[in-house]
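Close look at the chain arrangement
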Amino acid sequence: MTRHDILIRHATVIDGTGAPRRTADIAVDGDRITAIGDLSGHSAAREIDATGLIAAPGFIDVHTHDDRILFSDPSMTAKVSQGVTTVIGGNCGISLAPMPVPVKRPVTPPLDLLDASGDWYRFPTFAAYVAAFNATPAAVNCAHYVGHTTLRAITMDDLTRPASPAQIAAMQDLVAEAMEAGALGVSTGLAYPPAIAATTEEVIEVTRPIAAHDGLYATHMRDESGHSIEALDESFAVGRALGVQVLISHHKLAGEENFGQSVQTLAHIGAHRADQQICLDCYPYEASSTILTASHAKVSPRTIVTWSVGAPQMAGRELSDICAEWGCDLDTACARLIPAGAVYFRMCEEDVQRILAYPPTMIGSDGLPHDERPHPRLWGTFPRVLGRYARDLGLFDLETAVHKMTGLTASEIGLAERGELRAGFMADITLFDDRTIADRATYTDPIQPAAGIALVMVNGAPVWEDGRPTGARPGRYLRRDRAAHKMAAARPAG
Ligand SMILES: [Zn+2]
C-alpha cells in the first residue's frame with residue numbers, strides 16, 4: 001500500500017522499547033500504524049511534516065482517578081495536552097463502578113475524590129461502565145481496576161471492622177463480575193480510613209477471583225512512611241497467595257524522618273522481583289495530594305488546600321494562612337474545611353529522583369481531575385519527566401523516559417498492540433519538541449497545559465493539535481491481554 005490516510009514525514013522516532021532514536025516516516029491507515037521507514041515514495045490524504053519533532057507512542061498514564069471525568073469532560077484536556085492517549089483508573093481502592101445501590105451521603109472520604117455529590121447510582125455493574133464508555137467514548141482509551149474501598153462501601157455497614165465471611169463472599173461476586181467485564185484487577189487503598197480495618201486475609205479473599213483472569217493487584221499501601229518495608233511485605237504476600245502480579249502505586253517515602261529510605265525500599269522490591277511479578281509507578285513531584293485530614297496536615301511542613309466543601313473560597317490557599325486569617329488552630333481549621341483536599345509537601349527530591357530513575361518504575365500522574373485547584377501533576381507529569389528530568393537534569397536519556405510511559409507500561413499492564421511505534425500496532429502517537437517540552441502547571445497556577453506537545457493521535461484520530469483539543473472521541477475501553485503481558489514478562493529486564 002503506498003496511499004495512506006495519514007503520513008507523518010521526517011520524524012525522529014523514539015519507539016517506546018528504549019531503543020535509540022532514528023529518523024523515519026510513519027504511515028497510518030484507519031486505526032493502525034501500517035508502515036515505518038523511508039516512505040518517500042508513498043502519499044497520503046493528510047501529510048504531517050514532523051521535521052525536528054520526536055514521534056513517540058502515546059503516553060499511558062498508569063495511575064489516574066479519571067473514572068468519572070472520562071464521562072463528565074470527555075475531551076480529557078489535562079491528559080491529551082500532555083501526550084497521554086490511555087488512562088488507567090480505579091486506583092487506590094476507589095472505582096466509580098460498580099455501584100448497585102445509591103452511595104451513602106455524605107460520601108465517605110476518599111471516595112469523594114471521584115464525586116463529593118454522591119450522585120453515583122449510575123453504573124450498577126462494571127459491565128455497565130464499560131458499555132457506557134464504548135457507547136460514548138472519551139478522547140483517550142481507558143482501563144480500570146475495581147476498587148476494594150468501593151466494594152466495602154457497597155457491602156458493609158460498618159467500615160471500621162474487618163469484613164465478615166458473608167461480606168467477603170458478596171465482594172468476591174462483585175470482583176468476579178468486574179473481571180468478566182474487563183477490569184484489570186483489584187486496587188486497594190489500605191492507608192485510608194474506610195479500608196484500614198481490612199486484614200491482609202480479607203484483601204486476599206476479596207481479590208481471589210482475579211487469579212483465574214491473571215489480573216493485577218494494585219495497591220496504595222497501608223504505609224508510605226516509617227513502615228514501608230512491612231507494607232511492601234504485605235503487598236507481596238497478597239501477590240504470592242494468589243499467584244498474581246503486584247503493582248506498588250505511587251511509590252514514595254513521606255516524612256522527613258524517612259528521607260533517603262528509598263535506597264532500602266527499592267532494594268527490597270528488587271530482591272522480591274526475582275521471585276514474583278512486581279511492578280511500580282511514581283509521579284515526578286515532591287508533594288503528594290489527597291483528602292485533607294488534620295493528622296496528615298500536622299506532619300506536613302507545608303499544606304495547600306485544593307478544594308473544600310466547608311469553605312470553598314479557601315481552595316488554593318496555604319493552610320497556615322487560613323489558620324492565621326481565622327485566628328484558630330490547625331484542628332479547628334481542618335474541621336471547618338472538610339470535606340476537603342490538600343497538597344502536602346512531605347517527600348524529598350532525592351527519593352523522587354531515585355525512584356523515578358529505578359529501571360522498573362513506570363510514570364503515573366495520580367492527578368485529581370475534580371479538584372478545584374489540583375496538584376500540578378494533573379496537567380504536568382509527562383512533560384515534566386521528559387523536560388525537567390530527562391533533558392534538563394539528565395536523570396535518564398529521552399528513550400528511557402519515553403519507555404517508562406509507553407512500552408514498559410503496556411507490557412506490565414498487558415495492553416496489546418499499544419506502547420510501541422511498530423507496523424501493525426494501534427496508532428496512538430504523540431509528536432513533541434524535545435527542545436521545548438516542559439510542564440507549566442505549578443502549585444500556585446496548576447491548570448496550565450504543557451509546552452511542546454505538537455500533535456496527539458488516538459486510534460488514528462488526532463485529539464490534540466495546534467494547542468487545543470480537536471473534539472474527536474476515538475477512545476476505547478482496553479482489556480488486559482494475558483499474552484501481551486506474558487510476552488513482556490519473558491523479555492530480559494532492562
Ligand atoms: Zn493512592
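Not measured: the values here are computed from a predicted model.

1. Considerations on the overall build of the protein chain
Secondary structure summary: the protein chain contains 17 helices and 21 strands in total. In terms of C-alpha radius of gyration, the protein chain reaches 22 Å, essentially the compact-globule figure of 23 Å for 494 residues. Expressed as lengths along the three principal axes of its C-alpha atoms, the size of the protein chain is roughly 70 × 50 × 45 Å. Accessible area for the protein chain stands at about 17400 Å²; split by element, carbon and sulfur atoms hold 53% of it. Once the 42 positive and 59 negative side-chain charges of the protein chain are each reduced to a mean point, those two points are 2 Å apart.

2. Section: the domain arrangement of the protein chain
Much of the literature gives interface size as the accessible area that the parts lose upon coming together. With domains assigned, the protein chain is organised as domain 1 (3-57 + 423-489), domain 2 (59-286 + 347-412) and domain 3 (287-346). With 50 residues of domain 1 at the interface, the matching set in domain 2 holds 59 residues. Sorting the residues of domain 1 by area buried against domain 2 places R473, Y477 and R480 first, and these three jointly supply 20% of that buried surface. In this structure, R21 engages E399 in a salt bridge whose closest nitrogen and oxygen atoms are separated by 2.9 Å. Broken down by secondary-structure element, the contributors of at least two residues to the side of domain 1 that touches domain 2 are β5 (54-57), β18 (429-432), β19 (453-458), β20 (461-465) and α17 (482-490). Per element, the largest residue contribution to the side of domain 1 that touches domain 2 is five residues, and it comes from α17. Split into classes, the residues belonging to the side of domain 1 that touches domain 2 amount to 28 nonpolar, eleven polar and eleven charged.

3. Describing helix α5 (residues 165-181)
If you check α5, its first and last C-alpha atoms are 24 Å apart, about what 17 residues at 1.5 Å a residue would give, namely 24 Å. Considered for burial, the residues of α5 that qualify are I168, M171, L174, V175, A178, M179 and A181. Angular distribution of buried residues about the axis of α5 spans 155 degrees; they occupy a single face of the element. Exposed residues lying more than 90 degrees from the buried face of α5 are P165, A166, D173 and E180. Where α5 is buried, its residues meet α3 (126-135), β9 (146-147), α4 (148-155), β10 (185-189) and α7 (200-207). Of the residues trailing α5, G182 is marked for its positive phi of about 120 degrees.

4. As for the layout of surface pockets
When its volume is computed, the second largest pocket comes out at roughly 450 Å³. If you trace the second largest pocket, you find 25 residues lining it, with A191, H220, E224, H296 and R346 closest to the centre. Elements supplying a minimum of two residues to the lining of the second largest pocket: β14 (288-291) and α10 (294-298). With three residues, β14 is the largest single contributor of residues to the lining of the second largest pocket. Residues belonging to the lining of the second largest pocket are distributed by class as follows: nine nonpolar, nine polar and seven charged.

5. A word on the nonpolar core
Among the nonpolar cores identified, the biggest contains 113 residues, and L70, I88, F126, L247, L386, I413 and F432 are the most heavily contacted of them. In terms of residue count, the dominant contributor to this core is α5 (seven residues). Summarising the domain contributions, this core has at least three residues from each of domain 1 (3-57 + 423-489) and domain 2 (59-286 + 347-412). When near neighbours in sequence (up to four residues on either side) are disregarded, L247 contacts V62, Y145, L216, Y217, A218, T219, C279, L280, D281, M362 and I413.

6. Details of the coordination of the zinc ion
C92 (SG), H220 (ND1) and H250 (NE2) make up the full set of protein donors to the zinc ion, lying at 2.1 to 2.2 Å. Considered as a linear motif, the donors of the zinc ion on their single chain read C-x127-H-x29-H. Placement of H220 in strand β11 (residues 216-220) and of H250 in the loop between β12 (245-248) and α9 (262-273) is noted, with a sequence separation of 30 residues between them. The burial state of H220 is the same as that of H250; both residues are buried.

7. Considerations on the pattern of salt bridges
Scanning the entire structure with this criterion turns up 24 salt bridges. Salt-bridge contacts for R476 lead to D31; the nearest nitrogen and oxygen are separated by 2.9 Å. In this pair, R476 sits in the loop between β21 (468-469) and α17 while D31 sits in the loop between β2 (22-29) and β3 (32-37), placing the two residues 445 residues apart along the sequence. Across the salt bridge formed by R46 and E465, the nearest N and O atoms sit 2.4 Å from each other. Linking R46 in strand β4 (residues 43-49) with E465 in strand β20, this pair joins segments that are 419 residues apart in sequence. Here R46 falls in the partly exposed class, since its relative accessible area comes to 31%. Each of R21, E399 and D434 takes part in one network of salt bridges that share partners.

8. Some details on empty space enclosed by the protein
One pass over the structure, following the stated rule, counts three cavities of 30 Å³ or more. For the largest cavity, the calculated volume is near 70 Å³. Lining of the largest cavity is provided by H250, H251, K252, L253, C282, Y283, M347, D351, V352 and I355. Considering every element that reaches the lining of the largest cavity, the biggest residue donor is helix α13 (residues 349-357), with three residues. Residues that form the lining of the largest cavity fall into these classes: six nonpolar, two polar and two charged.

9. Quick look at α9
Spanning twelve residues, α9 covers 16 Å between terminal C-alpha atoms, matching the ideal 16 Å at 1.5 Å per step. Listed as buried for α9 are S262, T265, L266, H268, I269 and H272. Across the axial projection of α9, the buried residues extend over an arc of 155 degrees, all falling on one side. Buried residues belonging to α9 abut α8 (228-242), β13 (278-282) and α13.

10. A closer look at the pairing of β19
In terms of burial, β19 is largely enclosed, as five of its six residues are buried. In terms of strand pairing, β18 meets β19 through four bridges, oriented antiparallel. What sits directly across from L431, in β19, is L455. Where β19 and β20 come together, four bridges link them in antiparallel fashion. Across the sheet, the residue bridging to L455 is E465, located in β20.

Parameters at a glance
- Residue positions within a chain follow its written sequence, with the count starting from 1.
- The model is predicted, so local features are restricted to residues of pLDDT at least 70 and side-chain atom pairs to those at 80 or more, both for listing and for counting; the totals for chains, interfaces and linings are taken over all residues.
- Based on all heavy atoms of the structure, the side-chain values leave hydrogens and waters out of the count.
- Helical segments are the DSSP runs of H or I of at least four residues, strand segments are the runs of E of at least two, and each set is numbered from the N terminus.
- Note on method: radius of gyration uses C-alpha positions; expected globular size equals 2.2 Å times residues raised to 0.38.
- In short, Shrake-Rupley with a 1.4 Å probe defines the accessible areas, and a residue's cover is counted only from the protein chains shown.
- In summary, the charge assignment counts Lys and Arg as positive and Asp and Glu as negative, without counting His or the chain termini.
- Where a charge lies is defined by one atom per residue type, namely NZ (Lys), CZ (Arg), CG (Asp) and CD (Glu).
- An automatic or database domain assignment supplies the residue ranges for each domain.
- What makes two residues a contact is simply this: any of their non-hydrogen atoms within 4.5 Å.
- For any pair of parts, buried area is found by adding up, for both, the accessible area (1.4 Å probe) each one loses once the two are put together.
- Salt bridges are counted wherever a side-chain nitrogen of Lys or Arg sits within 4 Å of a carboxyl oxygen of Asp or Glu.
- As a working rule, the residues Ala, Val, Leu, Ile, Met, Phe, Trp, Tyr, Cys and Pro are called nonpolar, Asp, Glu, Lys and Arg charged, and the rest polar, with Gly in that last group.
- Expected span of a helix: the number of residues minus one, times 1.5 Å.
- For every residue, the accessible area (1.4 Å probe, protein chains only) is compared with the maximum for its type, and the residue is labelled buried under 20%, exposed over 50%, or partly exposed between those bounds.
- Directions drawn from the helix axis to the C-beta atoms are what define this arc.
- Cavity means a closed set of points on a 1 Å grid over the protein atoms alone, one where a 1.4 Å probe fits but cannot get out, pocket means an open set with protein on both sides within 12 Å along at least 5 of 7 lines, and lining means a residue has an atom within 4 Å of a point.
- Grid points are joined across faces, edges and corners, and a volume is the space filled by probe spheres set on the points.
- Here, the term nonpolar core denotes a set of buried Ala, Val, Leu, Ile, Met, Phe, Trp, Tyr and Cys residues that are joined through side-chain atoms within 4.5 Å.
- In this description, a donor is an N, O or S atom within 2.8 Å of the metal centre, a cutoff extended to 3.2 Å for sodium, potassium and calcium. Water is not part of the atom list, which can make sites seem incomplete.
- Here, a strand pair is defined by DSSP locating no fewer than two bridges between the strands.

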